[in-house]
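If you want the building blocks of each chain, they are given just below.
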Amino acid sequence: MGRSSWLLLFLISLSQAIITKSQTSNQQNITSINIGVLYTYNSIIGSAAKTAIELALEDVNSDRTILPNTKLNIISQDTNCSGFLATIEALQVLEKNVVAIIGPQSLGGSHIISNVANSLQVPLVSFSATDPTLSSLEFPYFLRATQSDQFQMRAIADIVDYFQWREVTAIYVDDDYGRNGIAALGDELALRRAKISYKAGFEQAMDQTDITDLLLRVNLMESRVYVLHVNPDSGMTVFSIAQKLGMTGPGYVWIVTDWLAAVLDTNGFGLGYGHESVDADPKVLNLIQGSIVLRGHTPDSDLKMKFASRWRNKTGNTATGSNLNAYSLYAYDSMWLVAHAIDQYIKTNGNRINFSTDPRLRNVNGSALNLAILKIFDGGKGLLQNMLSTNFTGVTGQLQFGPNRDLIHPAYDIINVVSTGARLIGYWSNYSGLSVVSPEILYQKPQNLSSQSRKLYEVMWPGGIKQQPRGWVFPNNGQPLRIGVPNKVSFKQFVSRGSNSGSSSNASGFCIDVFNAAIKLLPYPVPCSFILIGNGTVNPNYDSVVNMVAQNELDAVVGDIAIVKNRTRIVDFTQPYAEAGLEIVVPVKHDSSSAWAFLKPFTLPMWCVTVGFFLFFGVVIWILEHRTNKEFRGHPKEQVATVFWFSFSTMFFAHRQNLLSALGRFVLLVWLFVVLIITSSYTASLTSILTVQQLSSGIKSLDSLIASHDPIGYQAGTFTKNYLIEELNIPESRLVPLSTIEEYADALMRGPQDGGVAAIVDQSPYVQIFLTGYCNFRVVGQQFTRQGWGFAFQRDSPLAVDLSTAILTLSENGELQRIHDQWLNTNSGCSSENTDIESNRLSLSSFWVLFLIFGGVCFSAVIIYFIKICVQPKKYNNRASDTRENEAI
């Protein structure tokens, strides 16, 4: 082995010795373990957390059941609400070989600190950092002993949905905390068909002038539901300015995240901690009266009450700002979470808490940064797993992590601020949604998230009113609603150009009057400007007009707009104010009378069978009567004449011959019933033929319309064309667009042989107007759709809901019918005898059962008669002889 090989072995051995020495020197004394704490000393949350952590440290170090031979030391640093300073302070804490860090308090620098913790394998346990993005897999060493804003925003979305608001304005601090929380709110609202209509973000250091300008812009928007997601130190400034601008009065809604609950608790207006201050400043309540506030739910327990008692003893509860809040509880349990994890780690790994150097961290020449002093906690991964598997009951309730590394059973108290203080109006939990029952009780029952189970107590809204605010107003920008109105060629009774083209009254008609009447019923003014769509010479395409609303070129469309499937996907419609199903119109004609009109009720086979059955009846009666009844005896010619006379005279019930046999009388009784049916049907059919119009088209129903190959007319611009093609599979080549009533009549009169159409398919209101002036056309079949007309608005427009209620009111009080009668007088000048019935000649198929029954009766009677003759021939021969002797005498 050469000299170089010996040198290499020596260097390897030396490096191993150095590493071993380094690890040994960095091994921490197991009797004392360092814990880092990062928070802002002079903040509302920080000052509360400071006291709570000190109490928790005392309890942990005095509890012999946990870490009996080990003392926890706290190394705390003030982050001063600065992301940069928080990062620097975190590095200084990590220099002290801490095994875990409680904090950071705020989200400033949390992502950077989490990345540092990942590299050094030091778990972070935050009691107040609620940014939902910190739960991602990017930050495996970050845990929180509080709830993620993902759940808080889900609770707010449920509140918005509960009160049926569809738009909110988000006011937030423009940092990771604010942006990510509002992003989560937008996602949750979208699941409930609601949205954030305006986002108003501001810098943490923004002065009052800039906040005033921001709120002025917010007040110009339509939504009056505000979600305020800021920090406790800036939130009250926002409320103070909003009050000066008149934005905390009636009609406004403020939904505030849990920062305000911390302010309320700190200032002595809290709930459930038993430490409310009698010297609390009422000015705080005046600013936020009527607000809905969320606060992290912590179940009542003896442990929490004991902690509150110790808190009062420690702080004296004499100065405003010293009261207990929810973050105090989270901070207290954070310390216990770390202590339980360390205790389990020591029990599992023994007396081994080691730190090692990271070769990637080295001092740079010329730099004052001493990066090499930062060490990797070798047991960090094990300690993290102990934290994730921890399950104990603290002052905030059960503390256990779920699969997504968030605490299980997220829940919030819903508080309403009134003039006397805070009032609990319900709870929200991820398990049961909104409820007035405590989540702990609902956890014991089957999960029920139905809308029927949601409930909150009565809310006192801003301004001291109990009536729920509408949640929106028209924007204070002086712009009226842009209302599109189709400018059509025909059917101007429904909508047409008005006389004053330069004003809001430049449209008139049935639809316009219904809209104006509904607008007058709204409890607020609605400035409108009608905009005519189309040049008046060609019907505009209604799908294109509706699409203008979806593209924000119009705010709404008022007119004869059918509510169909493809339109409801892009706009919202009001309640239908008129029925508009599709109908089929065809031409009709009068058949001129002729000398042979009386033969038309029956077809030729029917006439033949009827005459045959009259003769058949006569023969049967002769067979049954001629042996015993002298009126059916005599010369053969006389007997034939009797048969004909008797059978046909029954048509008028004028027969004179008396029947002696029981069988003969029974057959006569059945035959008279048959004759009654035949004569009545004949009379009705003849009357119909002489008075009712006949169809000149082969189209009699929807089925024959589809089966035929004749051209079909439709009104240009309406949805009828798409319906016939897409739903009924009628070729487009068969469809003929028509615009005016005159074109309707001309096309139907000419018919398919002369370049016209065999039928027209249109909506029932148009058909009624058309038939009012033309008596040569009629509707066949039934309506085969059930559409209605409504007013189209942009998606999620609250006007659509309010106008729907107004339309129902118009329908109930009769005003809608009055407007209909004023514009749509459908009394036709055509004769009342012209009904929409086609006369059909009666055929054998209508009576074959009747004839079959009668034939069976006759045959049965004849057979019975001959059987009696065969069985008792002597009796019948004697009776016949007596009859002949009597005739001879």
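Check the entry above for the structure.
Treat the numbers as computed from the prediction; the structure is a model and nothing was measured.

Engineer: Provide a residue-level description of the overall build of the protein chain, including the pertinent values.
Structural biologist: What the protein chain contains, in helices and strands, is 28 helices and 32 strands. When contacts within the protein chain are restricted to residue pairs at least 6 apart in sequence, those whose partners lie at least 24 apart make up 74%. Total accessible area computed for the protein chain in this model is approximately 40700 Å², and 54% of it derives from carbon and sulfur atoms.

Engineer: With reference to specific residues and values, describe the layout of surface pockets.
Structural biologist: In this structure, the largest pocket spans a volume of roughly 770 Å³. At the level of elements, strand E7 (195-202), strand E18 (481-486), helix H16 (542-550) and helix H25 (798-812) are the ones that each hand at least two residues to the lining of the largest pocket. Residue composition of the lining of the largest pocket, by class: 14 nonpolar, 8 polar and 7 charged. There is about 620 Å³ of room inside the second largest pocket. What lines the second largest pocket is a set of 26 residues, and nearest its centre among them are Gln164, Arg470, Trp472, Pro798 and Asp802. Elements with a minimum of two residues in the lining of the second largest pocket: strand E23 (572-573) and H25.

Engineer: Provide a residue-level description of the environment of Arg482, including the pertinent values.
Structural biologist: When you line up the elements, Arg482 lands in strand E18. Since its relative accessible area comes to 28%, Arg482 is described here as partly exposed. In the structure, Arg482 is positioned 75 residues away from Val557 in sequence and 8.4 Å away in space, judged by C-alpha atoms. Residue contacts for Arg482: discarding those within four places in its chain leaves Ser529, Ile531, Asn552, Glu553, Leu554, Asp555, Ala556 and Gln794. Polar contacts involving the side chain of Arg482 include one to the main-chain carbonyl oxygen of Asn552, which spans 3.1 Å.

Engineer: Please give an account of the pairing of strand E28 (residues 735-738) that cites residues and values.
Structural biologist: Of the strand pairs in this sheet, strand E27 (residues 712-715) and E28 are connected by 4 bridges, and their pairing is parallel. Each residue of the ladder has a partner; that of Tyr714, found in E28, is Pro737. Handedness of the crossover joining E27 and E28 through helix H22 (residues 720-726): right-handed.

Engineer: Before we move on, could you go through the sheet that holds strand E22 (residues 556-557) and cite the residues and values that matter?
Structural biologist: Pairing is mixed across the open sheet formed by 5 strands, whose spatial order is E21-E18-E22-E32-E23. The open sheet terminates on both sides in strands that have one partner only, identified here as strand E21 (528-533) and E23. Of the strand pairs in this sheet, E22 and strand E32 (residues 792-793) are connected by 2 bridges, and their pairing is antiparallel. Counterpart to Ala556 in the pairing with E32 is Phe793.

Engineer: Which residues make up the nonpolar core, and what are the values?
Structural biologist: Counting 76 residues, the largest nonpolar core has Phe515, Tyr577 and Leu799 as the members making the most contacts within it. When residues in this core are grouped by element, the largest group, 8 residues, is from helix H15 (residues 510-520). Not counting residues within four places of it along the chain, the set of residues in contact with Phe515 comprises Ile483, Cys528, Phe530, Val558, Phe791, Phe793 and Leu803. Membership of the second largest hydrophobic core comes to 75 residues, among which are Leu120, Val125, Phe139 and Ala308.

Engineer: Give me the lowdown on the packing of helix H2 (residues 44-62) against helix H11 (residues 302-315), citing residues and values where you can.
Structural biologist: Closest axis-to-axis distance for the H2/H11 pair is 11 Å, and the angle between their directions is 110°. Put simply, H2 runs roughly perpendicular to H11. Seen from above, H2 lies across H11 with right-handed handedness. For the pair formed by H2 and H11, the contact residues are Ala48, Thr51, Ala52, Glu54, Leu55, Glu58 and Asp59 on the first element and Phe307, Arg310, Trp311, Lys314 and Thr315 on the second. Among the residues making up the contact of H2 with H11, the classes are represented as 5 nonpolar, 2 polar and 5 charged.

Engineer: Tell me what's going on with empty space enclosed by the protein, and back it up with residues and numbers.
Structural biologist: Gaps left between atoms are located by rolling a probe of water-molecule size over the structure's atoms. Applying the stated rule across the entire model yields 3 cavities of 30 Å³ or more. Volume-wise, the second largest cavity comes out at about 40 Å³. Residue lining of the second largest cavity: Asp258, Ala261, Ala262, Arg295, Gly296, Ala326, Tyr327 and Tyr330, and that is the complete set. Those elements giving two or more residues to the lining of the second largest cavity turn out to be helix H9 (259-266), strand E10 (292-296) and helix H12 (326-349). With 3 residues, H12 is the largest single contributor of residues to the lining of the second largest cavity. Residue classes in the lining of the second largest cavity are distributed as 5 nonpolar, 1 polar and 2 charged.

Engineer: An account of the sheet that holds E10 is requested, with residue identities and associated values reported.
Structural biologist: Within a beta sheet, neighbouring strands are joined by backbone hydrogen bonds and run either parallel or antiparallel to one another. Taken together, the 8 strands give an open sheet; going across it, the order is E7-E6-E8-E9-E10-E15-E16-E17, and neighbouring strands pair in mixed fashion. The two strands at the open ends of the sheet, each matched to only one other strand, are E7 and strand E17 (433-435). When the angles between neighbouring strand axes are averaged without regard to direction, this sheet yields 25°. The pairing of strand E8 (residues 225-229) with strand E9 (residues 253-256) spans 4 bridges and is classified as parallel. Each residue of the ladder has a partner; that of Val227, found in E9, is Ile255. The strands touched by helix H7 (residues 208-219) within the sheet are strand E6 (167-173), E7 and E8, with E7 carrying the most contacts at an inclination of about 165°.

Conventions used here
- Residues numbered from 1 in each chain as written.
- Predicted model: local features only at pLDDT ≥ 70, side-chain atom pairs only at ≥ 80, totals over all residues.
- Heavy atoms only, no water.
- Helix = DSSP H or I, 4+ residues; strand = E, 2+ residues; numbered from the N terminus.
- Contact = heavy atoms within 4.5 Å.
- Areas by Shrake-Rupley, 256 points an atom, 1.4 Å probe, with all protein chains shown as cover.
- 1 Å grid on protein atoms, 1.4 Å probe; cavity = no way out; pocket = protein on both sides within 12 Å on 5 of 7 lines; lining within 4 Å.
- Points joined across faces, edges and corners; volume = space filled by probe spheres on them.
- Nonpolar A, V, L, I, M, F, W, Y, C, P; charged D, E, K, R; others polar.
- Buried < 20%, exposed > 50% of the residue type's maximum accessible area, 1.4 Å probe, protein only.
- Polar contact = N/O pair within 3.5 Å; in protein donor to acceptor, adjacent residues only side chain to side chain.
- Pairing = 2+ DSSP bridges.
- Right-handed = clockwise from strand over helix to strand, strands pointing away.
- Core = buried A, V, L, I, M, F, W, Y, C linked by side-chain atoms within 4.5 Å.
- Axes fitted to C-alpha atoms, helices over the stretch in contact; angles between N-to-C directions.
- Parallel < 35°, antiparallel > 145°, perpendicular 65-115°, else oblique.
- Left-handed = near helix turned anticlockwise from the far one by under 90°.

Such coordinate-based values are descriptive only and should not be taken to indicate function.
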